[in-house]
Amino acid sequence: MKLKKCLAMLIVSSLLFSACTGKAPSTPKGNVTVPKPTPPTNVAAKELNIWTYFSGNEQTMFGELSNTFAKNNDVKVNVEYIPFGDYKKQISVALASDSLPDIIMIDNPDHAAFASMGVFEDITDKINAWEAKDKYFDGPLASTMLDGKYYGIPVTSNCLALFYNEKMLADAGITPPTNWDELIAAAKKLTTNEVFGLGVASPKNEEATFQFLPWMIAAGGSYDQLNSPEVIKAMTLWTNLIKDGAMSKETINWGQGDIQKQFSASKLAMFVGGPWMIGQIQEDAPDLTWGVAKIPQDKQFASVLGGENMGIVKGKNVDLAWDFLKYLGDFDTVKNFISQTGYFPPRRDVAQDPIWTEDPIKKVFMDQMQYAMPRGPHPKWPEISAAIYTALQESLTFTKTPEQAANDAQKIVDTLLK
């Protein structure tokens, strides 16, 4: 029991700082058609307990899917909603008291950390034998892994792309930038007394890391070598845009919701955001004409992965829980849930549906998904992320040069990776 309490304390201290960076807006519920799954292999297990932090329409939809599984398989499925702000704390408390449910939803950057604590069942053999495995995007599937083993499946996905004000770009004679040189030139030209050319979120939390990783990866950098020329180049890009006045000094205080509001108020010509912002922009600025493009490349195009995974708690009703995860990952189930909630599918084949391929905005995000990389995965990702966003704060406030900030961050990461 002492060991479990220690593990719980570690989880509380190391994970409460990471945040879900990609929540899609709720949309009105529609008719749902769900597939009839194969009967569970473990007929003796008659009850399944699941925790999620889905709210609103997503919570309703997930409940309907769970009820259909229960009815078709003559089992009882209990879905408990826990607010996201309390979620990791509740997992820690339940871990210490040995009262975890059978299945837990988890924000994908935290999956490896909890797996390293022994929370999740190793389902590598089941995943490798699953015919749907090869249908998933590489990034979402990789987010369920630790040390080459699978500890769950992806359920929802999102990534980042470049939003732009169509009128502002047209008036300036600018097309959406495709590389960093074009981006720098466009951001400067679009900047006026009332408008900043580019907006990114860089508060002192996981949102900043989430926003910065596409640039770091595009330059060829990686989280385990923060003092590399590639990472320093990406940090210098953001720092110079603030120095030149093309990005606001308030970048260090703006969260992703803040930059979306700035864009909707026509105070930003371009910004980096996710698909969950689409509905909010339409609500805030119904007359605004805007578009989305891939984040400009340096050496390569890149984005970062957000979304939710599901994992089976170690030793808890594993066979029935795996049947539920397979049902949840079924083509028709994914398509129905995704189309009714506004999330993006972690499966490539679902992404080929016209609802994604024919919508000009969603189509860009689906194209960007092929470049979306998970954060980590690493059991110490929250601490690694803290080193990254702290370095960004130091560089963007000119407290340190990008080189100094990156070198100091690398010292922290070196101790974490030992």
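Residues numbered from 1 in each chain as written. Predicted model: local features only at pLDDT ≥ 70, side-chain atom pairs only at ≥ 80, totals over all residues. Heavy atoms only, no water.

**Student:** Please clarify how the side chain of Thr52 should be interpreted in this entry.
**Tutor:** Topologically, Thr52 is positioned in strand E1 (residues 47–52). Accessibility expressed as a relative area gives 2% for Thr52, which makes it buried. Ignoring any residue separated from it by four or fewer positions in sequence, one finds Thr52 in contact with Phe62, Val79, Glu80, Tyr81, Ile82, Tyr87, Met105 and Met310. (Helix = DSSP H or I, 4+ residues; strand = E, 2+ residues; numbered from the N terminus. Buried < 20%, exposed > 50% of the residue type's maximum accessible area, 1.4 Å probe, protein only. Contact = heavy atoms within 4.5 Å.)

**Student:** Even after reading the chapter, I still don't get the environment of Asp284, so can you show me in this structure?
**Tutor:** Tracing the backbone through its elements, the reader meets Asp284 in helix H12 (residues 278–284). Note on Asp284: relative accessible area 32%, which makes it partly exposed. Along the primary structure Asp284 and Ala265 are separated by 19 residues, whereas in three dimensions their C-alpha atoms are 8.0 Å apart. Sequence-distant contacts of Asp284, that is, excluding residues within four places in its chain, are made with Gln260, Lys261 and Ser264. A distance of 2.9 Å separates a polar atom in the side chain of Asp284 from a polar atom in the side chain of Gln260. (Polar contact = N/O pair within 3.5 Å; in protein donor to acceptor, adjacent residues only side chain to side chain.)

**Student:** Teacher, can you tell me more about the sheet that holds E1 here?
**Tutor:** Across the sheet, five strands lie side by side as E2-E1-E3-E11-E6; this open sheet has mixed pairing. The open sheet has two edge strands, strand E2 (76–81) and strand E6 (153–154), and neither has a second partner. Of the strand pairs in this sheet, E1 and strand E3 (residues 103–107) are connected by two bridges, and their pairing is parallel. Each bridged residue has a counterpart across the sheet, and for Trp51 the counterpart in E3 is Ile104. Helix H13 (residues 318–328) contacts E1, E3, E6 and strand E11 (308–312) of the sheet and is inclined by roughly 155 degrees relative to E11. (Pairing = 2+ DSSP bridges. Axes fitted to C-alpha atoms, helices over the stretch in contact; angles between N-to-C directions.)

**Student:** Which parts of the structure should I look at to understand the nonpolar core?
**Tutor:** A general trend in soluble globular proteins is that nonpolar side chains are found buried together. Judged by nonpolar contacts, the single largest core of 137 residues is most densely connected at Met270 and Phe324. Discounting chain neighbours no more than four positions away, the residues touching Phe324 are Leu48, Ile50, Phe62, Ser66, Phe69 and Ile103. (Core = buried A, V, L, I, M, F, W, Y, C linked by side-chain atoms within 4.5 Å.)

**Student:** Just to check I follow, could you spell out the side chain of Thr124 for this structure?
**Tutor:** If you trace the backbone, Thr124 turns up in helix H5 (residues 124–129). Of the residues examined, Thr124 reaches a relative accessible area of 12% and is grouped as buried. In this structure, Thr124 is in contact with Lys149 and Tyr150, ignoring residues within four places of it in sequence.

**Student:** Would you mind going over the sheet that holds strand E8 (residues 270–273) with me for this structure?
**Tutor:** Within a sheet, each strand pairs with its neighbour through backbone hydrogen bonds, oriented either parallel or antiparallel. In space, the three strands of this open sheet follow the order E8-E7-E9, with antiparallel pairing throughout. Where the open sheet ends on each side, the last strands, each with one partner, are E8 and strand E9 (290–293). The average angle at which neighbouring strand axes cross in this sheet is 30 degrees, direction not considered. Examined bridge by bridge, strand E7 (residues 161–165) and E9 share four bridges and lie antiparallel to one another. When the sheet's bridge partners are listed, Leu162 is paired in E9 with Ala293. Contacts from helix H17 (residues 360–369) reach E7, E8 and E9 within the one sheet, and its direction differs from that of E9 by about 15 degrees.

**Student:** How do you make sense of unusual backbone geometry when you look at a structure like this?
**Tutor:** That bond from Gly376 to Pro377 is cis: its omega, -10 degrees, falls within 30 degrees of zero. Of note, Pro377 is situated in the loop between strand E12 (372–373) and helix H18 (381–396). Even without a glycine there, the phi angle at Asp74 is positive, about 55 degrees. By the secondary structure assignment, Asp74 is in the loop between helix H2 (56–73) and E2. Despite not being glycine, Asp98 has its phi angle at roughly 55 degrees, a positive value. Its place among the elements puts Asp98 in the loop between helix H3 (84–96) and E3. The exposure class of Asp98 is exposed, given its relative accessible area of 52%.

**Student:** Explain the confidence of the model for the protein chain to me, please; I cannot follow it from the model alone.
**Tutor:** When pLDDT is low, close inspection of the predicted coordinates is not appropriate. Scored by pLDDT, the protein chain comes out at a mean of 89, with 89% of its residues at no less than 70. Taken together, the stretch residues 16–20 has pLDDT below 50 and engages in 17 contacts with residues farther than four places along the chain or on a different chain. This model gives residues 23–44 a pLDDT under 50, and the stretch forms 63 contacts once residues within four places in sequence are excluded. (pLDDT = per-residue confidence, 0-100.)

**Student:** Hey, could you run me through the pairing of E2 in this one?
**Tutor:** Consecutive side chains along a regular strand alternate between the two faces of the sheet. The sheet contact formed by E1 and E2 spans six bridges and is parallel. What sits directly across from Thr52, in E2, is Tyr81. The parallel pair E1 and E2, bridged by H2, forms a crossover whose chirality is right-handed. (Right-handed = clockwise from strand over helix to strand, strands pointing away.)

**Student:** Just checking my understanding: could you explain H3 for this structure?
**Tutor:** Taking 1.5 Å per residue as the helical rise, H3 with its 13 residues ought to reach 18 Å, and the 19 Å between its terminal C-alpha atoms agrees with that figure. Residues Tyr87, Lys88, Ile91, Ser92, Ala94, Leu95 and Ala96 constitute the buried set of H3. Phi for Asp98, located one or two positions after H3, is positive at around 55 degrees. (Expected span 1.5 Å × (residues − 1).)

**Student:** Explain the packing of aromatic side chains here, please?
**Tutor:** Each aromatic ring pair is specified by the distance between its two centres and by the angle formed by the two planes. If you walk through the whole model with that rule in mind, you get 25 aromatic pairs. Summarising the aromatic geometry, the rings of Tyr53 and Tyr87 are spaced 5.0 Å apart at their centres and angled 85 degrees between planes, so their arrangement reads as edge-to-face. Of this pair, Tyr53 sits in the loop between E1 and H2 while Tyr87 sits in helix H3; the two residues are 34 residues apart in sequence, bridging distant segments of the chain. Both residues of the pair, Tyr53 and Tyr87, count as buried. The structure contains a cluster of three or more aromatic residues connected by ring pairs, namely Phe54, Phe62, Phe69, Phe324, Tyr327, Phe337 and Tyr343. Taking the ring centre of Phe301 as reference, the NZ or CZ of Lys294 above it sits at 4.7 Å. (Phe/Tyr/Trp six-rings, centres within 6.5 Å; stacked < 30°, edge-to-face > 60°. Lys NZ or Arg CZ within 6 Å of the ring centre and 35° of its normal.)

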